[in-house]
Amino acid sequence: MSLDSRLWGKAARLGKDARGADHTHPLICHLLDTAAVAQVVWDELLTAHQRSMVAEALQVSDGQARALAAFWAGLHDIGKISVPFQLHRDGPKHKDGKLLAQELSGEPGYEFGAGALQDRQSHEGAAHWWLGGIFKEIGYSSSSRRPQSKLSHAVAQLLGGHGGRFHPVVHDKDSRCPVARHPGMGAGSWEVQRRFHFYEVRRVVGAKSVPHGRMTPGAAVVLTGLVTLSDWLASIEEEIQTRLRGEGWAGTPDDLDSYWQFACMAAPRLLQQTDLLGTGFARPPDPVQCAGKTGLGASMARQVPDLVTAYGPGLVVVTAAPSEDRTEAALRAAAALGHAAKARGLFYALPTGSAADSHMAQVHAFAERALTGPWRSLLLHSSSRLKPAEAAEQWAHANATDGVSAEPGEEWAPSANSWLNSHHRALLAAIGTGTVDELLQAVLPVKFNVMRLFALSGKVVVVDEAHARGAWGQKLMLRFLEWAAALRIPVVLAATAADKSVDAMLAAYRRGAGGAKEPVVQPRRSPGWSFVDAQSGGGHLPQQPAGAARASTLSIEVVDGRPCSEIQAALAPMVAAGSGRAVVYRSTSAEAIRTFHQLTQDLPGLDVTLVHEQMRNKDRWQRLAACRSVFAPHGGVSGPSVLVTTSMLEHVRGLHFDLVISGPAPLADLLARAVQSVGDRSRLLVLRADYASELDDAALVRRTDMLLGAGRTVALPEELSLLLDEVYADEFVDGLGESETGELQQLDNQRMVRERRAAGTAGWLEVPGPRELDGDLGLLSRDHPGLEPELLSSVLGEEMVHVVCLYPGRDLQNNLVYLLEHGVLETKLDRKLKGRPNPGQLVPYLIPVPKRLVEAVRGDANEAWRNMPALKNVLRLNLEPVDGQWVYTSPKHRFCMTDLGLQIDQLL
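So, a few notes on the structure that sits alongside this text. (Residues numbered from 1 in each chain as written. Predicted model: local features only at pLDDT ≥ 70, side-chain atom pairs only at ≥ 80, totals over all residues. Heavy atoms only, no water.)

Description of the pairing of strand 14 (residues 581-585)
Okay, so step 1: Most of strand 14 is tucked away, with five of its five residues classed as buried.
Okay, so step 2: Burial along strand 14 is two-sided: the residues Arg581, Val583 and Tyr585 and Ala582 and Val584 are all buried.
Okay, so step 3: Inspection of the sheet shows strand 14 paired to strand 17 (residues 659-662) by four bridges, in the parallel sense. Bridge pairing links Tyr585 to Ser662 in strand 17. (Buried < 20%, exposed > 50% of the residue type's maximum accessible area, 1.4 Å probe, protein only. Helix = DSSP H or I, 4+ residues; strand = E, 2+ residues; numbered from the N terminus. Pairing = 2+ DSSP bridges.)

See the structure below:
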């Protein structure tokens, strides 16, 4: 008996032959394709550190590790030699609709029992169950008591996880006869063919060595990423069509040797399509340029390169007031870490999508200075997740006035049909600017979480406002930092002030690196910074900046009048003077829209701009681009100007105001907004009678209100940390009256319960740390009884969905169509609600909305969309004209779409 080339591995979208039958790609060819790609990924994409993690763990040479990685990648789909897969009802068919593989079931040896077709085991699970036994046969270490601790099971479990989730441990009693538990795997010829494919892949690839090491967490992440990425690339249908074998191809050893050469020649071209190759970090500028300079940037520029030279890459923690200078200092540190680590890119993470949008230009400017070779940049947050490249392209169009062009040929703007233009692949891009959620999902049991760790393991990660995520996010950030240290990922953390949460992040990175347990405390003075090396976890406290680059005073005034009256009173002097710039923060998008209307009507001499989260992507980006011009340090508008917005802009950089007006909020949020006020005497006006956001913690809002009283003056940056410590202090209640003490203690108790519940739930959900994994990769994908998708998403903040507002219209044939823009036929979405849109078509028109506000409209979504994973959280609102407005009404809310965005009003 010889290898059976009729066993198919790929068939979808490969076309048909001259007789009308579906083309198929033999499984052995797909296995060799993937092995060939894996070699190129190893040579061209993995960093030196990623390769060394694998070789050191397996206790083999680099060349042997390369061959083993290719061999294992070539085995990833061996579970497709099973009855349910080969005879799946959606498999390749003859012209008459009969399955091509049906002939197998009638041949001797390919018989199977009655339960085989009903076996629900996936082909990934079949690979895991079967490979452990044969790896044991060829000499890989194994254990009957703790199979997860030995290499035979570890590699099998790793390969079984190439579909995004690892499977539970398979114990020795099951691996000895897997068909007994899973009859779909088949005996007889099914088993013989699995062995033929296994040994032929091993022979052709040349992986003769038997490793004697173990599967460390770092090696598992790198190998999982390599195998999965190689499979993705080898599965590109257009490329498979160029490698289809002709009729009569038998898969003899000579055929396989010849095909292997062909696959090896094609593999580099596959990887070149990804826009991933050739990116690196240039040598940082000579620190002698900073001689004589003071301040945070100069201190770090002089010392970070020396620390990295002495100890290797690691963690840099920067604590200073938010500013473009702090961002620049963090990026310079990232450049030094990236060059030392030979990293191939950077991911810049921020608390919100709007903050990511605002930082993208500065990150691009950094990349042009710091990176070598070609590089691609994507925008990664909830509003861009459908098509990250198209989101970046739309962002570029909106920001063209800032000198960032989206013309074809620009290195950073990939085409919309780029291979990277996919949610699961996007983190692989050399430059990513997005939200911290993209990092935190790497330590949650979500699909392809390990691919996230793999993508980040070859980069530098910068986390701006690292502590701005609440109890959920802080708990998950600690787990991410443990994994980052174990994978030797260089990290830069930037925070407003040093506190216990920052100390905890330092400790987590040290723990992941295997450092001593003695605490390392971040310098409390501001600005300040520290360094932890990833090799030993050792903490280093370098010489701190001599002082702030510019000291200033923040004047905080708290007023009690009606918010609308106080806002107008505060802005009236600007209108009278004919100059000045201010920002007004409102608690909701609806309040922001109402304030815009009031100011436009009551203060006609004022230039009012509105930006909020419930605008279409393209409208919000265009308005933000205009704001970066108007409200820049030397803005081009001389008259009085005001920006009305929501909390979405509190982490946005590059906006400068003479006056900041805000409703009640926790002190940290107020200070984040206040630093946007520039000058030696910054001004913050707090509207005590205004509504606080529903998402703000009531205890912290009340503590802030009590602390500020009628107002106070704060010396920046010296008193920043002291003020934040004061609002959290246990002794804050000392000296308060009995009623105030009782009220605050009740609110504090509620906050403590919420935070402990949140931290406890996050701890329950998060994956084990690298030192807790104990060899079982299945723990990274474990299911929790009672775990609902809503709970998982709520860990990352309030669950959001996206809506698309559609306008009814008629096409040239007078058929009913739905338009993305009223009266513009070119933006037609589909006809009669039956179309399946290109997700990228919707990116400019997405509007993020809290899920709780649209619960009652889910039934209005086009059912065809529900079968498209990219659109599962996109709802369509079919608008109707009502009294001159475009409106959609649900049982609970009224949605009104105007040029100012989507306004949502609750119905009584």
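So much for the structure itself; the text now carries on.
Focus on the sheet that holds strand 16 (residues 641-645)
Okay, so step 1: Read across the sheet, seven strands follow the order 15-16-14-17-18-13-19 without closing on themselves; strand pairing throughout is mixed. With partners counted over all chains shown, the strands left at the sheet margins are strand 15 (607-610) and strand 19 (711-716), one partner each. On average, each strand axis in the sheet is inclined to that of its neighbour by 20°, with strand direction left out of account.
Okay, so step 2: Note: strand 15 against strand 16, four bridges, orientation parallel. The residue bridging Val608 from the neighbouring strand is Val642, located in strand 16.
Okay, so step 3: Against the sheet, helix 23 (residues 563-577) contacts strand 13 (552-559), strand 14, strand 16, strand 17 and strand 18 (681-687), and its axis sits at roughly 155° relative to strand 18.
Okay, so step 4: Across the sheet, helix 27 (residues 698-708) is in contact with strand 13, strand 18 and strand 19; its angle to strand 19 comes to roughly 90°. (Axes fitted to C-alpha atoms, helices over the stretch in contact; angles between N-to-C directions. Contact = heavy atoms within 4.5 Å.)

What about the packing of aromatic side chains?
Okay, so step 1: Per the counting criterion, the structure on display carries 14 aromatic pairs.
Okay, so step 2: Taking 5.1 Å as the distance between ring centres and 85° as the angle between the ring planes, the aromatic pair formed by Tyr110 and Trp190 counts as edge-to-face. In this pair, Tyr110 is assigned in the loop between helix 5 (102-105) and helix 6 (123-137) and Trp190 in helix 10 (residues 189-205), connecting sequence segments 80 residues apart.
Okay, so step 3: Given the relative accessible area of 0%, Trp190 is considered buried.
Okay, so step 4: Taken together, the ring pairs in this structure connect Phe71, Trp72, Trp130, Phe135, Tyr140, Phe198 and Tyr199 into an aromatic cluster.
Okay, so step 5: One Lys or Arg, Arg876, reaches over the ring of Tyr818 and ends 5.5 Å from the middle of that ring. (Phe/Tyr/Trp six-rings, centres within 6.5 Å; stacked < 30°, edge-to-face > 60°. Lys NZ or Arg CZ within 6 Å of the ring centre and 35° of its normal.)

Considerations on empty space enclosed by the protein
Okay, so step 1: Under the defined criterion, the tally for this structure stands at five cavities of 30 Å³ or more.
Okay, so step 2: What lines the largest cavity is a set of 14 residues, and nearest its centre among them are Gly132, Pro147, Ser152, His153 and Ser175.
Okay, so step 3: Elements that contribute at least two residues to the lining of the largest cavity include exactly helix 6, helix 7 (151-160) and helix 8 (172-175).
Okay, so step 4: The dominant element in the lining of the largest cavity, judged by the number of residues it contributes, is helix 6, at five residues.
Okay, so step 5: Among the residues forming the lining of the largest cavity, the class breakdown is three nonpolar, nine polar and two charged.
Okay, so step 6: The calculated volume of the second largest cavity comes to roughly 80 Å³.
Okay, so step 7: Every element with two or more residues in the lining of the second largest cavity is listed here: helix 18 (423-426) and helix 20 (449-457).
Okay, so step 8: With three residues, helix 20 is the largest single contributor of residues to the lining of the second largest cavity.
Okay, so step 9: Among the residues forming the lining of the second largest cavity, the class breakdown is five nonpolar, two polar and two charged. (1 Å grid on protein atoms, 1.4 Å probe; cavity = no way out; pocket = protein on both sides within 12 Å on 5 of 7 lines; lining within 4 Å. Points joined across faces, edges and corners; volume = space filled by probe spheres on them. Nonpolar A, V, L, I, M, F, W, Y, C, P; charged D, E, K, R; others polar.)

Notes on the pattern of salt bridges
Okay, so step 1: Per the counting criterion, the structure on display carries 49 salt bridges.
Okay, so step 2: The residue Arg195 makes a salt bridge to Glu191 at a minimum N-O spacing of 3.0 Å. Here Arg195 and its partner Glu191 are both found in helix 10, four residues apart, which amounts to about one turn of the helix.
Okay, so step 3: Taking the shortest distance from any N to any O, the salt bridge between Asp748 and Arg703 comes out at 2.8 Å. Taken as a pair, Asp748 in helix 29 (residues 738-765) and Arg703 in helix 27 lie far apart in primary sequence, 45 residues in all. Of the two residues, Asp748 and Arg703, neither departs from the other in class, the shared state being buried.
Okay, so step 4: Counted as one network, the salt bridges with shared partners bring together Arg479, Glu482, Arg511, Glu766 and Glu772. (Salt bridge = Lys/Arg side-chain N within 4 Å of Asp/Glu carboxyl O.)

So, unusual backbone geometry
With glycine set apart, most residues show a phi of negative sign, and most peptide bonds adopt trans.
Okay, so step 1: The linkage connecting Ser526 with the following residue, Pro527, adopts the cis geometry, with an omega of 0°.
Okay, so step 2: With respect to the secondary-structure elements, Pro527 resides in the loop between helix 22 (500-513) and strand 11 (528-533).
Okay, so step 3: At Asn814, a residue that is not glycine, the phi angle is positive and equals roughly 65°.
Okay, so step 4: Positionally, Asn814 belongs in the loop between strand 20 (800-810) and strand 21 (816-819).

Looking at the environment of Val753
Okay, so step 1: With respect to the secondary-structure elements, Val753 resides in helix 29.
Okay, so step 2: Owing to a relative accessible area of 45%, Val753 belongs among the partly exposed residues under this scheme.
Okay, so step 3: Taking C-alpha positions, Val753 is 50 Å from Phe135, a pair spaced 618 residues apart along the chain.

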